[in-house]
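As a plain string of letters, each chain reads:
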Amino acid sequence: MGIKEEILRRRTFAIISHPDAGKTTLTEKFLLYGGAVQLAGSVTARKNQRQSTSDWMELERKRGISISSTVLQFDYNGYRVNLLDTPGHQDFSEDTYRVLTAVDAVVMVIDAAKGIEKQTRKLFEVCRRRGIPIFTFMNKLDRPTKDPLELLDELEHVLGIQAHVMNFPLGTGFEFRGVFDRQEKRVHFFELTSGGAYKAPVTISDLSDPVVKDRLDDKTYAKLVEELEILDHAGSLFDVKAVREGKLTPVFFGSARNNFGVQLLLDRFLKYAGPPQPRMSNRTAVPLEHEKFSGFIFKIQANMDPRHRDRIAFVRVCSGKFERDMTVTHQRTGKKVRLSNASKLFGQSRETINEAYPGDIVGFVGQQNFGIGDTVTEDDEIIYNEIPHFPPEVFAMLQNPNPANFKKFREGLDQLLQEGVVQGLQRTNAAQRVPILAAVGPLQFEVVQYRLESEYGAESRLEQTEWKLLQWIDPAIHRELITENILPTGAALVQNGDDQLGILFTGDWGLNYFQEKNPSIGLSELPFTNGQSNGEWPEVT
């Protein structure tokens, strides 16, 4: 195949949801139906059952939640699928936001009993701002749920997006038997398998087939026919162009736990989601078939393989063809880098690859200078600015209680900061250099402490602080003007690893007082890049 054909068969997407909506379970079932695994695991598995493929970190298995984004790559029906499982918990949303820069579409999972939840709305808004196509999966139909038409109405009015029902449930809760495929006009009856570990046997019939009436009670059958007529007359028409522009969401009903409707979702998603889209460099779209390779780093993860102290940088290929051992420019440092040790990822596992194409996610091991957001390219004119920054909301000081382990503590913390697990700050005038951690949510601190001890053998002690806000100082302001003397009570002058100055405030009163007394000092809740506040997502067409 040529590069054009390779690009057309790529599908790169993420699964997003509110916690406990079934995101990781759906990920496992995609792998099952895609032939990537033979037995599906579950994040709530008992000790004698398989654990999920995507939740590889020990802390994830203990807590039963996704903490770190995972890349899972496999082939299915002629497609090369790059599936990114993301954390659902809001404390890890910054990792999810970064992952969304690397995908071309998302599957949004909604708990059909709860409807649209807070984190779902936040993630939806991020996708909308980037124009990412959204496919919706109403999950857990095997349990008591809201009325399906009520869920559709909520989807359209709460999220403000048109919806087209691709399949409709045959009953809900204990009466859930399968789905009606509105495109093929066929009924799919499913049978339960033990723990949902295997593909669900399916029987396909016409709606008018007497078998359908036999397997549904009269009330359920009559309600199904009536609601399908409502959708035919009042529902939004299916439009592939509107789907790919993020204006229309195809809606699927099913149960990820029992495998009901999963393959229908996977097949239709791959058909309609569309191939990779160009990324922007200096407000210009870089052609996918550009003769020179380019990509950007959206994630860094250390110690995925506990047998090695390795470090892997995840790169989204944006243009050209990647070939192992090729030499590229690392744009942030301007240095030439040889890209060896290239791998395709499948959760914790990896496999050496020799080539990759736009849309693929490639892992590079051992590149210590790579950072999140960096561009690697054969074309020195290309620089991607895809990674957004988000203001932290919680702050704590991390103490090393064992001076004998200072080297382990420092090396481990430096690695975790480079991964972007949390942000790291230092007070500019402190006698002791105690790290200040800044995060979106407090669970990120728990991850830091757990990983410091389990991966680096370094204990730590967390001290809460009274700081509530971080504001960055305009780099155009002379540093001589910035001293502790001009700060309100409780505020602190800090800097990050790039030597950018910021101020920690204990609340809005302190911030307002500082701005009133120092109107000439410009502040921003996000770091400045090239003299400007890095506060907006780049536009994507």
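Calculation rules
- Residues numbered from 1 in each chain as written.
- Predicted model: local features only at pLDDT ≥ 70, side-chain atom pairs only at ≥ 80, totals over all residues.
- Heavy atoms only, no water.
- Helix = DSSP H or I, 4+ residues; strand = E, 2+ residues; numbered from the N terminus.
- Buried < 20%, exposed > 50% of the residue type's maximum accessible area, 1.4 Å probe, protein only.
- Contact = heavy atoms within 4.5 Å.
- Areas by Shrake-Rupley, 256 points an atom, 1.4 Å probe, with all protein chains shown as cover.
- Phe/Tyr/Trp six-rings, centres within 6.5 Å; stacked < 30°, edge-to-face > 60°.
- Lys NZ or Arg CZ within 6 Å of the ring centre and 35° of its normal.
- Salt bridge = Lys/Arg side-chain N within 4 Å of Asp/Glu carboxyl O.
- Axes fitted to C-alpha atoms, helices over the stretch in contact; angles between N-to-C directions.
- Parallel < 35°, antiparallel > 145°, perpendicular 65-115°, else oblique.
- Nonpolar A, V, L, I, M, F, W, Y, C, P; charged D, E, K, R; others polar.

K.L.:
Any chance you could explain the overall build of the chain here in plain terms?
P.N.:
The secondary structure content of the chain amounts to 13 helices and 33 strands. In the chain, buried positions account for 57% of the 541 residues. Relative to all contacts within the chain whose residues are 6 or more apart in sequence, the contacts with residues 24 or more apart total 71%. Carbon together with sulfur atoms contributes 47% to the accessible area of the chain, which is approximately 23,700 Å² in total.

K.L.:
Honestly, the packing of aromatic side chains in this entry has me stumped. Any pointers?
P.N.:
Aromatic rings in a pair are described by how distant their centres are and how their planes are angled relative to each other. Evaluated as defined, the whole model comprises 13 aromatic pairs. Pairing Phe 190 with Phe 260 gives two aromatic rings, centres 5.0 Å apart and planes at 20 degrees, and the pair type is stacked. Within this pair, whereas Phe 190 is found in strand 9 (residues 186–190), its partner Phe 260 is found in the loop between strand 11 (248–253) and helix 10 (262–272), the two being separated by 70 residues in sequence. Taken together, the ring pairs in this structure connect Phe 13, Phe 30, Phe 135 and Phe 269 into an aromatic cluster. When the ring centre of Phe 189 is taken as reference, the NZ or CZ atom of Arg 215 above it lies at 4.3 Å.

K.L.:
Explain the pattern of salt bridges to me, please; I cannot follow it from the model alone.
P.N.:
Pairing is possible between side chains that carry opposite charge, provided their charged atoms lie close to one another. Evaluation of the coordinates by the stated rule reveals 27 salt bridges. The shortest N-O distance in the salt bridge between Asp 104 and Arg 316 comes to 3.0 Å. Here the residue Asp 104 occupies a position in the loop between helix 4 (93–100) and strand 4 (105–111), and Arg 316 occupies one in strand 15 (residues 311–319), the gap between them amounting to 212 residues. Classification of Asp 104 by relative accessible area gives buried; the value is 8%. Here Arg 332 ties to Asp 374 by a salt bridge, and the two come within 2.9 Å at their closest N and O atoms. Of the two residues, Arg 332 sits in the loop between strand 17 (326–330) and strand 18 (335–339) while Asp 374 sits in the loop between strand 22 (361–365) and strand 23 (375–377), which places them 42 residues apart along the sequence.

K.L.:
Looking at this structure, I do not really get the packing of helix 2 (residues 23–33) against helix 10. What am I missing?
P.N.:
Two quantities define a packed helix pair, namely the angle between the helix axes and the distance between the axes. Closest axis-to-axis distance for the helix 2/helix 10 pair is 10 Å, and the angle between their directions is 80 degrees. On the basis of the axis angle, helix 2 is roughly perpendicular to helix 10. Residues Leu 26, Lys 29, Phe 30 and Tyr 33 of helix 2 pack against Val 262, Gln 263, Leu 265 and Leu 266 of helix 10. Class assignment of the residues belonging to the contact of helix 2 with helix 10 gives a composition of six nonpolar, one polar and one charged.

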